[in-house]
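The residues making up each chain are set out below.
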Amino acid sequence: MIDDDPLVRAGLTLMLGGDRGIDIVGEGADGVEAEELVERLRPDVVLMDIRMPVRDGLTATELLRRRPGAPEVVVLTTFHADEQVLRAIRAGAAGFVLKDTPPARIVDAVRRVAAGDPVLSPAVTRQLMARAAGGGPDGRADRTLRARRRFGQLAEREQEVAVAVAVGGGGSNAEIAASLYLSVATVKTHVSRILAKLGLNNRVQIALLVHDAGLLDTDDGRGSRLR
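(A) Spatial organisation of the overall build of the chain. From N to C terminus, the chain includes eleven helices and three strands. Overall, the chain shows an N-to-C arrangement of helices and strands of α-α-β-α-β-α-β-α-α-α-α-α-α-α. A burial count over the chain gives 46% of its 227 residues as buried. Summing over all exposed atoms, the chain offers an accessible surface of approximately 11,300 Å²; the carbon and sulfur share of this is 50%.

Following this line, the structure appears as structure tokens:
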């Protein structure tokens, strides 16, 4: 865990240390320490504060997620959805938790991220996507064009799965499978291929790409594919 406040780190240690399935392997006070700890300890998940001295959590997240065998990153924040959280998600963070989240939910978030599931609710993901849509018309047009070109790299079934991910707010494989009448294993395979083809890190990034491509604005709310 990485946070410049020793009291926050102590509280997180108390929360997470009581779970027999979670081992706390290290803690640091800034983004530079985060990189050093990851290099030495090889954790599966990093809890990362955003605002820290020396190197902030956003820069640290971007650097960590570029590493081979990168750990998953969960951002710690006091905000529900702001530009900093959006930047962290685009950098590859698996989600975020608020610092005042009940202990049991923080433990559950760490477990879910370690298992490969995002920890953003559909409502929060929609907030983030709405924030991502900000900017002038020219910037939105360029972003849409780039996103559509990337989306067009996917096979038809992969496009359907990608849109289902976005409609579900980055939801789990089981939720996507139910919406498309596919097996969970098939959805997992498609999601893995989508991530690999597009160079993305998680379902939330898929959802943001689909949103950027303008593929969620349909009458039935189920999205559309490029033709």
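Still more to cover.
(B) Structural context of the sheet that holds strand S1 (residues 45-49). In space, the three strands of this open sheet follow the order S1-S2-S3, with parallel pairing throughout. Edge positions in the sheet fall to S1 and strand S3 (95-98), since each of these pairs with one other strand and no more. Between one strand and the next, the sheet's axes are offset by a mean angle of 30°, whatever the strand orientation. Pairing geometry for strand S2 (residues 72-77) and S3, over four bridges, is parallel.

(C) Main features of helix H10 (residues 184-198). Here H10 is 15 residues long and its end C-alpha atoms lie 21 Å apart, about the 21 Å a rise of 1.5 Å per residue gives. Taken as a whole, H10 has its buried residues at Val 187, His 190, Val 191, Ile 194, Leu 195 and Leu 198. Within H10, the buried residues cover an arc of 135° as seen down the axis, which keeps them to one side. Facing away from the buried surface of H10 by more than 90 degrees, the exposed residues are Ala 185, Lys 188 and Ala 196. At the C-terminal side of H10, Gly 199 shows a positive phi close to 70°.

(D) Structural view of the pairing of S2. The buried fraction of S2 amounts to five of the six residues, a majority that puts the element mostly inside the structure. Looking at chain direction, S1 and S2 are connected through five bridges and run parallel. Within the sheet, the bridge partner assigned to Met 48 lies in S2 and is Val 75. The β-α-β motif built from S1, the intervening helix H3 (residues 57-65) and the parallel element S2 has right-handed crossover chirality.

(E) A look at unusual backbone geometry. Positioned with a positive phi, Val 54 is a non-glycine residue whose angle comes to about 70°. Structurally, Val 54 can be placed in the loop between S1 and H3. Overall, the relative accessible area of 70% leaves Val 54 in the exposed class. The phi angle at Tyr 181 is positive, at roughly 60°, despite the residue not being glycine. Mapping Tyr 181 onto the fold places it in the loop between helix H9 (173-180) and H10.

(F) Spotlight on the side chain of Asp 19. For Asp 19, the position within the fold is in the loop between helix H1 (6-17) and helix H2 (31-41). With residues up to four places along the chain from it excluded, the contact list for Asp 19 reads Val 107 and Arg 111.

(G) Geometry of the environment of Gly 57. Tracing the sequence through the fold places Gly 57 in helix H3. Under the relative-accessibility criterion, Gly 57 is labelled buried at 2%. For the pair Gly 57 and Asp 3, spaced 54 residues apart in sequence, the C-alpha to C-alpha distance is 8.6 Å. What Gly 57 contacts, discounting residues up to four positions off in sequence, is Met 48, Asp 49, Ile 50 and Met 52.

What counts, and at which threshold
Residues numbered from 1 in each chain as written. Predicted model: local features only at pLDDT ≥ 70, side-chain atom pairs only at ≥ 80, totals over all residues. Heavy atoms only, no water. Helix = DSSP H or I, 4+ residues; strand = E, 2+ residues; numbered from the N terminus. Buried < 20%, exposed > 50% of the residue type's maximum accessible area, 1.4 Å probe, protein only. Areas by Shrake-Rupley, 256 points an atom, 1.4 Å probe, with all protein chains shown as cover. Pairing = 2+ DSSP bridges. Axes fitted to C-alpha atoms, helices over the stretch in contact; angles between N-to-C directions. Expected span 1.5 Å × (residues − 1). Arc of directions from axis to C-beta. Right-handed = clockwise from strand over helix to strand, strands pointing away. Contact = heavy atoms within 4.5 Å.

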